[in-house]
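Commentary on secondary and tertiary structure
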Amino acid sequence: MTDLGNHVVIAPILVPLLTGTLLVLLRGSATPLRRTISMLGIQLLLAASLWLLLQVANGDLLVYQLGSWAAPYGIVLVADRLSAAMVMVTSVLALFAMMHAIQGSDRRGRQYHVLFQFLLMGLNGAFLTGDLFNLFVFFEILLIASYGMLLHGGGAARSKAGLHYVVVNLVGSSLFLFAVGTLYGVLGTLNMADLALRVAALPPEEVGLVRAAALLLFVVFALKAALVPLHLWLPGAYSAAGPASVALFAIMTKVGGYSILRVYSLIFGAEAGPLANLVEPWLLVLGLLTIIVGTIGVLASRNLALLVAYLVVISSGSILTAFGLGSQAALSAGLYYSFQSALVTAALFMLTENVARTRGAFADQLRAGPMLPAANLLGGLFLVLALAVAGVPPLSGFIGKVLIIQASLDTPAIAWIMAIVLSTSLLTLMALARAGSTLFFKTDTNAGAATLPDTANLVPVAAVAVISLLYVVFASPIYSYTEAAAAQLLSPADYIEAVLDAETQASDETRLDSKTLIEGETTPDGMALPSHAGGH
Amino acid sequence: MEALIALSVGLLTACGIYLLLRGRTFPVVLGITLLSYAVNLFLFVMGRLSIGVPAILEPNRTDYADPLPQALVLTAIVIGFGMTAFVVVLALRARADLGNDHVDGREP
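Summarised in this report is the structure supplied together with it. (Residues numbered from 1 in each chain as written. Chains lettered and ligands numbered in written order. Predicted model: local features only at pLDDT ≥ 70, side-chain atom pairs only at ≥ 80, totals over all residues. Heavy atoms only, no water.)

1. Details of helix α9 (residues 233-240) of chain A
Since there are 3.6 residues in each turn of an α-helix, residues three or four apart along the chain are aligned in direction. For clarity, the cut-off: Only protein chains enter the accessibility calculation, which uses a 1.4 Å probe; a residue is then buried when its area is under 20% of its type maximum, exposed when over 50%, and partly exposed in between. Helix and strand definitions follow DSSP, with helices as H or I runs of at least four residues and strands as E runs of at least two, each counted in order from the N terminus.
Summarising burial for α9 of chain A: 6 of the 8 residues are buried, a large majority. What α9 of chain A keeps buried is the set W233, L234, P235, A237, Y238 and A240 of chain A.

This is the structure we're talking about:
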C-alpha cells in the first residue's frame, strides 16, 4: 500500500477529477490562471498515462481494487495494454485540444475547462474499469460533460443539435441499465471477469435471456460508436459543436468501439459456450455499411465541419469492420487504425475552425469565397491531413487500411472488404480533393477579403500532421504493441485470473472480517452466488 | 406480485417510448422520465421480490434482500434526476433560441 506505483492505475482518473474540482472552486478567477491549471493538469495526466503505458507494455495486467475490496464484491480498475494505450491516446488528444482551446475559443462559455477535465475523467474511467455498472457511471460522467461542451458557445444550431444528442444518449443510457439489470438478475454479478466465468457456465434455459441482454448492450455501444443505423446523431452534433469541444469528441466514438471490443472479447468471447462470438458477424456487416453510409455523407456535405463529422463515421466503420473479423491480426490492425484516426480527425476539426475564421461570412461552407492570404499554409496542412485520413501513402491512414485488408485476406469476406474499403477510400479522396480545391483555389472576386490566420492556432494542427508522419516511421513498434494488445484480448483467461485472484490489499482486520463474512454465504461449489440467483 | 411489477415496467416503457417519439419537447421530456421510472423499477426488482427481510447480513439468518440492486437503483435515480433537470433546461433554452418547441427547431 505504501508503494505509490500501485496507484498509477487510478491516476488517469484522479488527476482530471482533482484538476476539475480545483477549477470549479476557482470559477471566478482570471482566465490565464484557469488555463494554466487546466494545462498543467493535462500534462500531469500525460505523464501518468505514459507511466501506466510503460508499466503494462511488458504484458502485465495491473488490477487496482478500490477500497481494497477483492474482485467480485468490490469494483476493480484493470489496466492492460489496450486500456493503457487508449488512455495514452486520450491524453495526447487532450493536450492538442487544450492547446487549441486556450487560443481563445474556451472563453465562449464559462465552465469550459471544468467540463473538459470531467470529460477526460469519464473517458479514462471507461477505459480502465473492470465493472459493468461502473462502466455505465463513467459513460454518464463523460456524456454529461460532453452535453455541456457541445453547447459551449451557445446559439440556435447548437441548441437544436444538443437537444437531439442529449435525448438520444438518455435513451441509450436507459437501454444500458435494462441490459445491466438483466445480466445481474440472471448471473448475479457485475464484475466483467466474473461475468465471463458465469456466462461460460450458463445453464441452457438462461441462454436466451442473457443473449437478449448482451445484444441490448451491443445496441448501446453501437450507438456510442455511431454504427449504422445508429449513427444519425453524430454528424449533426459534431458539426454543430464548437471546435474546442469537438477535437476531444473525436475519441468518444472510440469509447463505444473499445467497449464492444472489451465486452465481446472478454464476456462473450470465444470461450462463452453457446454465446461465443455473439456480435462478430453483425459487426462485420454493420461496419462495412457504416463505411458506405459515411462515404455518401462525405460526398454530400456542403460544409467542411459536416464533412469531417462523416469522416469520423467512416473511421468508426473501418475500426469495427476490423474488430468484426476477430482474428489477432485484424484486431491489431483495427487498433493501429483507431489510434491515428482519432488524432487526424481531431486535427481536421481544429483546422476547419481556422479556415472558417479566416473566410469571414463564408465560414466553412464549400463554395468559392475570398482569396485566402495564407492558402499555402492552410491548404498544405489540409493536404497532409486529408491524405492521412483517406489512406494515401506515405501517411498513417494508408498503413492502417493496408493492415485491415491484409488481415482479411484469408477470410470469406475478403471480396466485400476489399471492394468497399478501396472504393470508399477513392471516393473520400475525391470529396476531400473537391473540398480542398473549393476552399483554397476557387475564389470569388466579389466575396470581400479574408483575414490572416493566427499562426499560433495552427501549431496543434501541424503537430498532429507531424505525428501522423511519425506514426508511419514508427509503424513497426506501434504495430507490435497493438499486436500484443490483441493477443492479450484474445486470451481472456489471463484477465479473469488476474482480476479474481488478485491479492486483497487490505491490511486492517475489519476489512478481512467483512470479507470472510461474505464468503461465508457462498454456495458449496465455491461460486459466490447471491442467495436468489439460480434459485428461481 | 411479479406479474404486476412486470406489467408496470412494460406499461411505463411503452408510454415512455410513445411519448419519446412525439414531436414537441415537453412530451419527449415526459417520455424520458417515464422510461427512467421503468428502468429504476426494473433494476430494483432484479434483486427479486421479497417481503420483510433485511438488506444486511446477520449471523443467524439465511434469507436477505439483495442490497446491490438497491445501491444500483439509487445511483440510477440520482443520475436520471440530474439528466432530467438538464434536459428540461435544454428544452427551455431551445424554445428560447429557436422560437418554438418542436424537436426539429421548426414547425412542420
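2. Quick word on the packing of aromatic side chains
Residues and elements named next belong to chain A. Worth spelling out the cut-off: A pair of aromatic rings is counted whenever rings of Phe, Tyr or Trp (Trp by its six-membered ring) have centres within 6.5 Å, and the orientation is called stacked for planes under 30 degrees apart, edge-to-face for over 60 and tilted otherwise.
If you walk through the whole model with that rule in mind, you get 18 aromatic pairs over all chains. Relative to Y258, the ring of F127 has its centre 5.1 Å away and its plane inclined at 90°; by these criteria the two rings are edge-to-face. Remark: Y258 occurs in helix α11 (residues 252-266) and F127 occurs in helix α4 (residues 112-128); sequence separation between them is 131 residues. Owing to a relative accessible area of 0%, F127 belongs among the buried residues under this scheme.

3. Quick look at the pattern of salt bridges
Here is the rule: Any Lys or Arg side-chain nitrogen found within 4 Å of a carboxyl oxygen on Asp or Glu counts as a salt bridge.
Taken as a whole and assessed by the stated rule, the structure comprises 8 salt bridges over all chains. Between R108 of chain A and E353 of chain A there is a salt bridge whose closest N-O contact spans 3.3 Å. On the criterion of sequence distance, the pair formed by R108 of chain A in the loop between α3 (81-101) and α4 and E353 of chain A in helix α14 (residues 328-358) is long-range, its members being 245 residues apart. Using a relative accessible area of 42% as the deciding quantity, one classes R108 of chain A as partly exposed. One salt bridge connects D97 of chain B with R93 of chain B, and the closest N-O pair in it is separated by 3.3 Å. Separated by 4 residues within a single helix, D97 of chain B and R93 of chain B lie in helix α3 (residues 67-98), roughly one turn from each other. Note on R93 of chain B: relative accessible area 37%, which makes it partly exposed. Residues participating in the shared-partner salt-bridge network are R108, E353 and R357 of chain A.

4. A look at the interface of chain A and chain B
When the parts come together, some accessible area is lost, and that loss is often what is quoted as the size of the interface. Short version of the rule: Here, residues are in contact when the closest pair of their heavy atoms is within 4.5 Å. Joining two parts hides part of their accessible area as seen by a 1.4 Å probe, and the buried area is that hidden amount summed over both.
Counting residues at the interface gives 35 residues for chain A, matched by 36 residues for chain B. Of the roughly 3,100 Å² buried at the junction of chain A and chain B (both faces included), carbon and sulfur atoms supply 78%. For chain A, the biggest contributors to the area lost against chain B are L163, F178 and Y184 of chain A; these three give 19% of the whole. Here chain A is connected to chain B by 0 salt bridges. Broken down by secondary-structure element, the contributors of at least two residues to the side of chain A that touches chain B are α5 (132-150), α6 (156-187) and α21 (509-519) of chain A. When residues of the side of chain A that touches chain B are assigned to their parent elements, the largest contribution, 17 residues, is made by α6 of chain A.

5. A short note on the packing of α6 of chain A against α9 of chain A
Residue and element names in this part refer to chain A. The condition is simple: Every angle, taken between N-to-C directions, lies between 0 and 180 degrees, and every axis is a line fitted to C-alpha atoms, over only the stretch in contact when it is a helix. Orientation labels follow simple angle bins: below 35 degrees gives roughly parallel, above 145 gives roughly antiparallel, 65 to 115 gives roughly perpendicular, and whatever is left gives oblique. Handedness of a helix crossing follows the sense of rotation of the near helix relative to the far helix, less than a right angle counterclockwise being left-handed and clockwise being right-handed. We call Asp, Glu, Lys and Arg charged. Ala, Val, Leu, Ile, Met, Phe, Trp, Tyr, Cys and Pro are nonpolar, and the rest, Gly among them, are polar.
In the contact formed by α6 and α9, the axes pass within 9 Å of each other and the chain directions differ by 140°. Between α6 and α9, the crossing angle belongs to the class labelled oblique. Every pair of crossing elements has a handedness; the one defined by α6 and α9 is left-handed. Residues A157, R158, A161, Y165 and V168 of α6 lie in contact with α9, whose contacting residues are W233, G236, A237 and A240. Partitioning the contact of α6 with α9 into residue classes produces 7 nonpolar, 1 polar and 1 charged.

6. Considering unusual backbone geometry
Residues and elements named next belong to chain A. For the bond from V228 to P229, the omega torsion is 0°, close enough to zero to count as cis. We note that N277 has phi near 45°; this positive angle belongs to a residue other than glycine. With respect to the element layout, N277 can be found in the loop between α11 and α12 (280-300). Taking relative accessible area as the criterion, N277 reaches 33% and is therefore assigned partly exposed.

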